[in-house]
Amino acid sequence: MVSDSSAIQEHALEGLPTDSVAILGIPWDEKSSFLRGPAGAPAHIRQALYSSSTNTATESGLDLRDEPRFRLLGDLDLENGEAAFETIERSIAQILDQGSRALCLGGDHSITLPIVRAHCRTFPGLSIVHIDAHPDLYDELGGDRLSHACPFSRIMEEGLVSRLVQLGIRTLNPHQRAQADRFGVEILEMRDWRPDDGLPKDLEGPLYLSVDLDALDPAFAPGVSHPEPGGLSSRELLGILQVLPSPLVGADIVELNPLRDPQGLTARVAAKLLKEIAAIMLVDSAA
Ligand code: MN
Ligand code: MN
């Protein structure tokens with residue numbers, strides 16, 4: 001049962017089948033460093049998902065519209081300020097406690113910290129694949145240790161995961177390089193990476209996947225706050241999904257900025273990723 005203090009819409013968790021994948025919107029962008037806007041992203045991604053210009057089939061042939069274990073829970077009801085982090089963590093824990101898995105739609109990247117805090121309790125030995133133009137390893141930004149530029153420093157300091165593998169990275173400065181060395185972060189830098197390289201062959205699940213849409217080249221995903229040229233193509237990113245180790249137990253798609261996405265193209269990319277990631281989670285969950 002959902003408690004009275006739940007931030008998940010009332011009754012949303014009732015009847016949630018075990019092994020389902022819950023799509024949860026996290027409309028939060030207070031920790032953005034340059035532009036606000038990602039708080040509006042979940043609604044745009046859901047709209048793109050169900051746009052009649054396309055269908056709900058995944059590339060593997062699964063139609064999510066017919067899949068009872070694929071559930072949209074709407075947006076979390078979040079307070080202002082850092083109390084939101086506790087609400088996010090508690091809400092994810094509720095989903096995991098029901099035997100379901102969570103695929104979260106950001107929101108800025110700061111939300112990954114409370115999401116991973118919840119996951120590491122249910123999935124000991126968790127590893128993360130973090131796909132981003134930026135390593136998000138600042139110790140602090142503008143005096144804020146919870147900035148969207150910092151979540152992976154906090155995750156590593158708290159010892160939440162056994163491995164952190166980053167892909168798409170092309171903005172390393174000396175401070176963040178030092179942070180990566182300090183924490184033992186495995187960075188596959190964009191300048192060196194080729195599609196055939198995939199991911200480290202010895203990487204094992206349980207796995208959490210965090211996708212910052214600015215990992216993609218701005219030609220493919222212009223609707224972000226920090227576009228950085230020289231990134232992945234949509235097809236390359238979809239190819240990485242196909243080589244993720246199993247089981248994929250949780251994921252987020254963050255940093256869509258609808259104010260920078262007038263054509264809705266980046267929301268469409270996010271919806272495509274949502275479909276493909278959900279399909280992988282559904283297969284892994286049933287295994
Ligand atoms: Mn980024
Ligand atoms: Mn990021």
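Residues numbered from 1 in each chain as written. Chains lettered and ligands numbered in written order. Predicted model: local features only at pLDDT ≥ 70, side-chain atom pairs only at ≥ 80, totals over all residues. Heavy atoms only, no water.

Undergrad: Would you mind going over the overall build of the protein with me for this structure?
TA: When helices and strands are counted, the protein shows seven helices and eight strands. Against the globule reference of 19 Å for 287 residues, the protein gives a C-alpha radius of gyration of 17 Å, in line with a compact fold. Along the three orthogonal principal directions, the C-alpha set of the protein runs to about 50 × 40 × 40 Å. A burial count over the protein gives 57% of its 287 residues as buried. Excluding contacts between residues fewer than 6 apart, the proportion of contacts in the protein whose partners are at least 24 apart in sequence is 77%. Carbon and sulfur atoms make up 49% of the accessible area of the protein, which totals about 11,500 Å². For the protein, the distance from the average site of its 24 positive side-chain charges to the average site of its 43 negative ones is 3 Å. (Helix = DSSP H or I, 4+ residues; strand = E, 2+ residues; numbered from the N terminus. Rg over C-alpha atoms; globule rule 2.2 N^0.38 Å. Buried < 20%, exposed > 50% of the residue type's maximum accessible area, 1.4 Å probe, protein only. Contact = heavy atoms within 4.5 Å. Areas by Shrake-Rupley, 256 points an atom, 1.4 Å probe, with all protein chains shown as cover. Lys, Arg positive; Asp, Glu negative; His and termini not counted. Charge placed at Lys NZ, Arg CZ, Asp CG, Glu CD.)

Undergrad: I would appreciate a short explanation of the coordination of the manganese ion (ligand 1) in the present structure.
TA: Octahedral six-donor coordination of a metal ideally yields angles of 90 or 180 degrees, compared with 109.5 degrees for tetrahedral four-donor coordination. Note on the manganese ion (ligand 1): its protein donors are Asp 132 (OD), His 134 (ND1), Asp 212 (OD), Asp 214 (OD) and Asp 214 (OD). The metal-donor distances range over 2.1 to 2.5 Å. Linear spacing of the donor residues for the manganese ion (ligand 1) on their chain is D-x1-H-x77-D-x1-D. A gap of 3.3 Å separates the manganese ion (ligand 1) and the manganese ion (ligand 2), which Asp 132 links by coordinating each metal. Of this pair, His 134 sits in the loop between β4 (127-131) and α4 (151-157) while Asp 214 sits in the loop between β7 (207-212) and α6 (234-241); the two residues are 80 residues apart in sequence, bridging distant segments of the chain. Each member of the pair, His 134 together with Asp 214, is buried. (Donors = N, O, S within 2.8 Å, 3.2 Å for Na, K, Ca; no water.)

Undergrad: For this particular structure, what's the right way to read the pattern of salt bridges?
TA: When charged atoms on two side chains of opposite charge get close, those side chains can pair. Counted according to the given criterion, the structure contains 19 salt bridges. The salt bridge partner of Arg 46 is Asp 75, with a shortest N-O separation of 2.8 Å. Pair noted here: Arg 46 is in helix α1 (residues 41-49) and Asp 75 is in strand β2 (residues 70-75), with a separation of 29 residues, a long-range link. For the residue pair Arg 46 and Asp 75, the accessibility class agrees, reading buried in each case. One network of salt bridges, in which partners are shared, links Asp 139, Arg 145, Arg 154, Glu 157 and Arg 182. (Salt bridge = Lys/Arg side-chain N within 4 Å of Asp/Glu carboxyl O.)

Undergrad: What am I meant to see in the packing of aromatic side chains here?
TA: For any pair of aromatic rings, the description consists of the separation of the ring centres together with the inter-plane angle of the planes. In this structure the tally under the stated criterion is one aromatic pair. Taking the centre distance of 5.6 Å and the plane angle of 85° together, the rings of Trp 28 and Phe 85 count as edge-to-face. Placement of the pair is Trp 28 in the loop between β1 (21-25) and α1 and Phe 85 in helix α2 (residues 83-97), with a sequence separation of 57 residues. A residue is classified by how much of its surface remains accessible, and Phe 85, at 6% relative accessible area, is buried. (Phe/Tyr/Trp six-rings, centres within 6.5 Å; stacked < 30°, edge-to-face > 60°.)

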